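Breakdown of the fold
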Amino acid sequence: MKPPNIVWISTHDINPDLGCYRGIWPGAEDAVTPNLDRLAAEGARYDNAFASAPVCAPARSAIMTGCFPTAIGTMHMRSKAVPPPEVRLLPEYFREAGYYCTNNEFTDFQVATPPTTFNDCSSTAHWRNRPDPETPFFAAFHGMATHESRIYYADKAFAETTRNVPPGARHDPAKAPLPPYHPDTPVFRRAWARYSDLITEMDHWVGGLLAQLEEDGLAGSTMVVFWSDHGPGMPRAKRWPNEAGLREPLIVRWPGTIRPGTVRTELVHTMDLAPTMLAASGLPVPAHMHGNALFDRNGRFDDGPNQFAYAGRDRMDEAEDTSRTVRDARYRYIRHYHPDRSGMQHLQYADGLATWAEFRDLASREAGQLGRGLKPDLLTDLQRSVVAAGRPAEELYDVRSDPHETVNLADNPDHEADLQRLRSALADWQERYGDLGMLPERALIEQWRPGGKPRRTEAPDVWLTAEGLMARCATAGSSVGWTIDPPGTEMPTAGPLDEAIGAPPNDGRRWNLYTAPIQAEEGTAVWVRAWRLGFEPSHEVSTTVSRATGPDAAAVTTTGSAN
């Protein structure tokens, strides 16, 4: 069976606010998303998909490694973790299997992305650039249209950002479906209407990618997966370990393998995508991955891959926090390890967003009412809980009957058995996988980088045999790359964002993942290097292929480059 091509289409910061989720997710009825609705009709829609963290980098680290962030140290927003040596980024497994792997272009996986991960990670990366049209591909496209920042653009910039949304598809703030934990003010109505417009704009972009598959005659042989990383960029969604922070759209179209119009209701993690892609491609799923394959290479579904869905909230920029949550088919349980801290602690970035500022302003004005001896009346009790100075140590919600999590059942004796059951499930999960978020972050960094000094990957050994140039690295968990492109090409220096999200170094060279002896002509110069996630890359080893002195001889030089 020929392995499928795979296209990932991801977006930022949305819940299942797509037309195909009408009646499944509150608010989806406001969506204008014809392309994604069609994609769902042609494949499988997952109705209970959950992120492993309610913020970008930890959530994406789970998707790209198949591991819980709390277990491998990628739970803080942001960090540069040193995962266990067995952990690798998903595309390397596909490159190893002969796939052409691209990423266009966002990374943010909580590690510096090695150049062995993708054949091309850039704004022009595309399956169309593969050297052989018969080569299978894994092509990821990460759209920015729905990122929280764009909700708050100035009018002119927002109009340009949503230029593909026709007037008839624009959303009226007066009709915006506000959740009850948000105050009904012009600021919030405008934010929700803009959020919906951005989703429509994103849907247009998705339609363009799907049309390119059709143009290339690849739609029938390509699995398309659409997902988002976590919830919307507004209070009690993104950054919160609640339903709105974690519930995600997930759609898979695989012509000829997954029946059109399939609806899946089992609990899944977006983290499950890594093992699922491998299993569907007929590749082995590494034993260290925590996720479960949702279906196999024949499109057979696992009807119960997860009894529970787990997630955590940890440091969010400068706001230090620790919360854990577990969800079954009906209830969500949340445990806050710092109940004395607000769920809406000060964040320099987020407090500059209009919805955050609106909440702060309303709370301040209510304090003014109290100061005048008046009863506060600008927020409801539920809304006050969002911005309150503290929160309950435990929360329990019946999300089937209360999807907005408005009534905390943790102290309700009628739900004591559910509380105890989910407490135990959470504790069992932490014990099984470990929870590095329980360690002080500075102590964890000291374990990873003693004295503040990063460990360096050992330089690979390189030697020539009759089969070709061989290479290996003694550092556990390392990947070896090679190139025939010489060093020294001057490229633009990486900016602060590239460094923050761990974009691969742009040295102008094409690095191949070493998987077999390197075949090179006599006199060819080859540079070899090794990378281990969380470590500094090795020094380069350069060699010139020469068989003049026998099959086991080669001129090998170690150079000092560490870029």
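Provided above is the structure to which this section pertains.
Described below are features of the structure shown in this document. (Residues numbered from 1 in each chain as written. Predicted model: local features only at pLDDT ≥ 70, side-chain atom pairs only at ≥ 80, totals over all residues. Heavy atoms only, no water.)

Let's shift gears to the nonpolar core. If you look at the biggest cluster of nonpolar residues, it comprises 61 residues, and the most contacted ones within it are Val-7, Leu-18, Met-202, Phe-226 and Ile-251. For this core, the elements supplying multiple residues, two or more each, are strand E1 (5-11), helix H1 (34-41), helix H2 (56-65), strand E5 (137-142), helix H7 (186-215), strand E6 (222-228), helix H10 (354-371) and helix H11 (381-387). Examining the composition of this core, we find that eleven residues originate from one element, H7, more than from any other. (Core = buried A, V, L, I, M, F, W, Y, C linked by side-chain atoms within 4.5 Å. Buried < 20%, exposed > 50% of the residue type's maximum accessible area, 1.4 Å probe, protein only. Helix = DSSP H or I, 4+ residues; strand = E, 2+ residues; numbered from the N terminus.)

What follows is about the state of the cysteines. Taken as a whole, this structure holds zero disulfides when the rule is applied. Of the cysteine sulfurs around Cys-101, a residue in no disulfide, the closest is that of Cys-121, at 11 Å. The exposure class of Cys-101 is buried, given its relative accessible area of 0%. (Disulfide = S-S within 2.5 Å.)

Following the criterion strictly, the structure yields 17 aromatic pairs and no others. Between the aromatic rings of Phe-308 and Tyr-310, the centroid separation amounts to 6.1 Å while the plane-to-plane angle is 55°, which identifies the pairing as tilted. As far as the burial class goes, Phe-308 and Tyr-310 line up, both buried. Joined through ring pairs, the aromatic side chains of Trp-8, Phe-94, Tyr-99, Phe-138 and Trp-227 make up one cluster. Over the face of the ring belonging to Phe-158 we find Arg-194, whose NZ or CZ atom lies 4.0 Å from the ring centre. (Phe/Tyr/Trp six-rings, centres within 6.5 Å; stacked < 30°, edge-to-face > 60°. Lys NZ or Arg CZ within 6 Å of the ring centre and 35° of its normal.)

On to helix H9 (residues 273-280), then. Taking burial as the measure, the eight residues of H9 include eight buried ones, the bulk of the element. Along H9, the residues classified as buried are Leu-273, Ala-274, Pro-275, Thr-276, Met-277, Leu-278, Ala-279 and Ala-280. At its buried positions, H9 is contacted by E1, H2, helix H4 (90-96), E6, strand E7 (247-253) and strand E9 (268-269). (Contact = heavy atoms within 4.5 Å.)

Moving on: the packing of H1 against H7. Axis angle and axis distance: for two packed helices, these are the angle between their axes and the distance between the axes, and together they describe the pair. Remark: H1 packs on H7, axes separated minimally by 7 Å, with the N-to-C direction vectors making an angle of 55°. By the angle class used here, H1 and H7 are oblique. Contact with H1, carried on its side by Pro-34, Asn-35, Leu-36 and Leu-39, involves Met-202, Asp-203, His-204, Val-206, Gly-207 and Leu-210 of H7 and no other residues of that element. Partitioning the contact of H1 with H7 into residue classes produces six nonpolar, three polar and one charged. (Axes fitted to C-alpha atoms, helices over the stretch in contact; angles between N-to-C directions. Parallel < 35°, antiparallel > 145°, perpendicular 65-115°, else oblique. Nonpolar A, V, L, I, M, F, W, Y, C, P; charged D, E, K, R; others polar.)

Another point: the packing of H7 against H10. Their axes nearest at 9 Å, the elements H7 and H10 cross at an angle of 160°. The angle between H7 and H10 falls in the class roughly antiparallel. The two elements H7 and H10 meet at a crossing, and its hand is left-handed. Here Val-187, Phe-188 and Ala-191 of H7 come into contact with H10, specifically with Ala-354, Thr-355, Glu-358 and Phe-359. Grouping the amino acids of the contact of H7 with H10 by side-chain chemistry returns five nonpolar, one polar and one charged. (Left-handed = near helix turned anticlockwise from the far one by under 90°.)

Note that the residue after Met-77, namely Arg-78, is joined by a cis bond; omega there is -15°. By the element assignment, Arg-78 lies in the loop between helix H3 (69-72) and H4. With omega at -10°, the peptide bond leading from Asn-104 into Glu-105 counts as cis. On the secondary structure map, Glu-105 appears in the loop between strand E3 (100-104) and strand E4 (120-121). Phi at Arg-236 is positive, roughly 65°, even though this residue is not glycine.

The next subject is helix H13 (residues 441-448). Buried within H13 we find Glu-441, Leu-444 and Trp-448. The buried residues of H13 occupy one face: seen down the axis, they fall within an arc of 60°. Those residues of H13 hidden inside the fold are in contact with H3. (Arc of directions from axis to C-beta.)

Glancing now at the pairing of strand E10 (residues 309-313). The element E10 is extensively covered by neighbouring structure, given that five of its five residues are classed as buried. Of the two faces of E10, the one carrying Ala-309, Ala-311 and Arg-313 and the one carrying Tyr-310 and Gly-312 are both buried. Relative to strand E11 (residues 323-327), E10 runs antiparallel, the two being bridged by five bridges. Opposite Ala-311, over in E11, you have Thr-325 as the bridge partner. (Pairing = 2+ DSSP bridges.)

The next thing to look at is the environment of His-142. If you trace the backbone, His-142 turns up in strand E5. The exposure class of His-142 is buried, given its relative accessible area of 6%. With 85 residues separating them in the primary sequence, His-142 and Trp-227 have C-alpha atoms 9.7 Å apart. Contact partners of His-142, with chain neighbours within four places excluded, come to Ser-10, Arg-60, Asn-103, Asn-104, Phe-106, Trp-205 and Trp-227. Separated by 2.6 Å, the side chains of His-142 and Ser-10 make a polar contact. Within polar-contact distance, the side chain of His-142 engages the side chain of Arg-60 at 3.2 Å. (Polar contact = N/O pair within 3.5 Å; in protein donor to acceptor, adjacent residues only side chain to side chain.)

Moving on, we come to the pairing of strand E16 (residues 479-483). Where burial is concerned, most of E16 is hidden: five out of the five residues are buried. Of the two faces of E16, the one lined by Ser-479, Gly-481 and Thr-483 and the one lined by Val-480 and Trp-482 are each fully buried. Pairing analysis gives five bridges linking E16 to strand E18 (residues 525-531), with the strands arranged antiparallel. Considered in E18, the bridge of Gly-481 is made with Arg-529. Of the strand pairs in this sheet, E16 and strand E17 (residues 512-513) are connected by two bridges, and their pairing is antiparallel. Counterpart to Gly-481 in the pairing with E17 is Leu-513.

For the rest of this paragraph, the subject is the sheet that holds strand E12 (residues 331-336). Sheet architecture is open: four strands sit in the order E10-E11-E12-E13, paired in antiparallel fashion. A strand with exactly one partner marks an edge of an open sheet, and here the two such strands are E10 and strand E13 (394-398). The sheet shows a mean angle of 15° between the axes of neighbouring strands, taken without regard to direction. Its contacts with the sheet place helix H12 (residues 416-433) against E10, E11, E12 and E13, and it is angled at close to 60° to E12.

This part takes up the pattern of salt bridges. Scanning the entire structure with this criterion turns up 43 salt bridges. Notably, a salt bridge pairs Arg-239 with Glu-148, separated by 2.7 Å at the nearest N-O pair. Of this pair, Arg-239 sits in the loop between E6 and helix H8 (243-246) while Glu-148 sits in helix H5 (residues 148-151), placing them 91 residues apart in sequence. When its relative accessible area of 6% is taken as the criterion, Arg-239 is described as buried. Glu-148 gets classed as buried once you look at its relative accessible area, which sits at 1%. (Salt bridge = Lys/Arg side-chain N within 4 Å of Asp/Glu carboxyl O.)

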